[in-house]
Amino acid sequence: MIRLLIKKTFLDMWDHLLGIAVLNIVGTLLLAGIFYGLQPFTVHPALLFVGVAAGMAVFSVYLAVVSRSMKQLADYGSLDLRNAARSLKEEWRSGLAFGGVMYLQLLILVIVMPWYFQREPLWGVGIGAFLFWARVMWLAASQYYFPARHRLTVTLLRVPQKCVLLLLDNTAFTILLALGTVVLSLISVFTVFMFPGVATVMLWH
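Residues numbered from 1 in each chain as written. Predicted model: local features only at pLDDT ≥ 70, side-chain atom pairs only at ≥ 80, totals over all residues. Heavy atoms only, no water.

Take unusual backbone geometry next. Residue Pro 196 is reached from Phe 195 by a cis peptide bond, and omega for that bond is -10 degrees. The phi dihedral of Tyr 76 is positive, around 65 degrees, even though this residue is not glycine. Mapped onto the fold, Tyr 76 is located in the loop between α3 (45-74) and α4 (84-117). The exposed category is assigned to Tyr 76, whose relative accessible area is 69%. Of note, the phi angle at Phe 193 is positive, near 60 degrees, even though the residue is not glycine. If you trace the backbone, Phe 193 turns up in the loop between α8 (171-190) and α9 (197-204). (Helix = DSSP H or I, 4+ residues; strand = E, 2+ residues; numbered from the N terminus. Buried < 20%, exposed > 50% of the residue type's maximum accessible area, 1.4 Å probe, protein only.)

Another point: helix α1 (residues 2-15). Compared with an ideal rise of 1.5 Å per residue, which puts 14 residues at 20 Å, α1 spans 20 Å between its outermost C-alpha atoms and is within 8% of the ideal. Those residues of α1 not exposed but buried are Thr 9, Asp 12 and Met 13. Seen along its axis, α1 keeps its buried residues to an arc of 100 degrees; they face one direction. Exposed and oriented more than 90 degrees from the buried face of α1 are Arg 3, Leu 4, Lys 7, Trp 14 and Asp 15. Packing partners of the buried residues in α1 comprise α2 (17-37), α3 and α9. (Expected span 1.5 Å × (residues − 1). Arc of directions from axis to C-beta. Contact = heavy atoms within 4.5 Å.)

This paragraph deals with a nonpolar patch on the surface. Together, Phe 10, Leu 11, Trp 14, Leu 17, Ile 25, Leu 29, Val 192, Met 194 and Phe 195 give the surface a local cluster of nonpolar side chains, amounting to about 850 Å² of exposed area. Mapped onto the nonpolar patch, the elements with two or more residues apiece are α1 and α2. Tracing the sequence through the fold places Leu 17 in helix α2. (Patch = residues over 30% accessible without salt bridge, like charges linked within 9 Å, V, L, I, M, F, W, Y side chains within 5 Å. Areas by Shrake-Rupley, 256 points an atom, 1.4 Å probe, with all protein chains shown as cover. Salt bridge = Lys/Arg side-chain N within 4 Å of Asp/Glu carboxyl O.)

With that out of the way, let us pick up the environment of Phe 130. Its location among the elements puts Phe 130 in helix α5 (residues 122-141). A relative accessible area of 57% means that Phe 130 is categorised as exposed. Sequence separation of Phe 130 and Met 113 is 17 residues, and the distance between their C-alpha atoms is 9.4 Å.

This part is about the environment of Lys 7. Checked against the element boundaries, Lys 7 lands in helix α1. On a C-alpha basis, the gap between Lys 7 and Gln 118 in space is 47 Å, while along the polypeptide they are 111 residues apart.

Counted by the stated rule, this structure contains six salt bridges. Note that Arg 68 and Glu 91 form a salt bridge whose closest N and O atoms lie 2.9 Å from each other. Highlighted residues: Arg 68 in helix α3 and Glu 91 in helix α4, separated in sequence by 23 residues. Since its relative accessible area comes to 3%, Glu 91 is described here as buried. Between Asp 75 and Lys 71 there is a salt bridge; the shortest N-O distance is 3.0 Å.

Of all eight residues making up α9, eight are buried, and the element is well covered by its neighbours. Along α9, the residues classified as buried are Gly 197, Val 198, Ala 199, Thr 200, Val 201, Met 202, Leu 203 and Trp 204. Close packing links the buried residues of α9 with α1, α2, α3, α6 (145-151) and α8.

Read these as spatial facts, not as claims about activity.
Written out as structure tokens, the structure reads:
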């Protein structure tokens with residue numbers, strides 16, 4: 001199954017290399033714009049949190065649109081960039097919901113976990129460790145968020161539940177999927193996220 005997944009992801013990417021490159025370029029420019037737009041918010045920590053929330057919301061909507069486009073490729077369809085406006089209209093809610101959950105994870109990482117780790121003696125460390133592993137589990141399960149949204153006929157509120165169930169039922173596969181995500185992301189760093197880029201990661205998922 002893993003061999004088939006790797007082969008199909010590569011062939012789908014190769015057959016639609018130009019369209020995927022365009023999506024990656026848009027994502028890179030969007031990410032650069034977000035970082036540039038955060039500069040005025042760095043004057044105060046509270047403003048920075050607001051700016052980061054807005055940036056994560058915008059980029060998460062982009063991920064939702066790209067994931068929907070990659071579903072078309074995975075289903076042996078074609079990549080029509082002209083459908084981006086329709087995808088945006090249909091997927092902005094799922095993107096914002098994903099961004100909200102990921103922002104909550106960020107707050108747990110930078111605020112909640114350090115607070116508990118500083119408590120005395122073991123109860124704080126215990127709760128901090130629990131939150132750490134809960135975050136790891138969600139990051140692994142979040143790989144299924146957009147695929148579950150696009151594949152399963154469930155409400156938006158039930159998508160996280162389905163993600164966790166997929167993780168628990170397919171733990172070994174989820175770990176391999178995460179390793180592939182890490183490898184693709186690391187390769188993308190050296191190409192400024194042009195290739196394989198975010199679009200290929202979404203296709204892999």
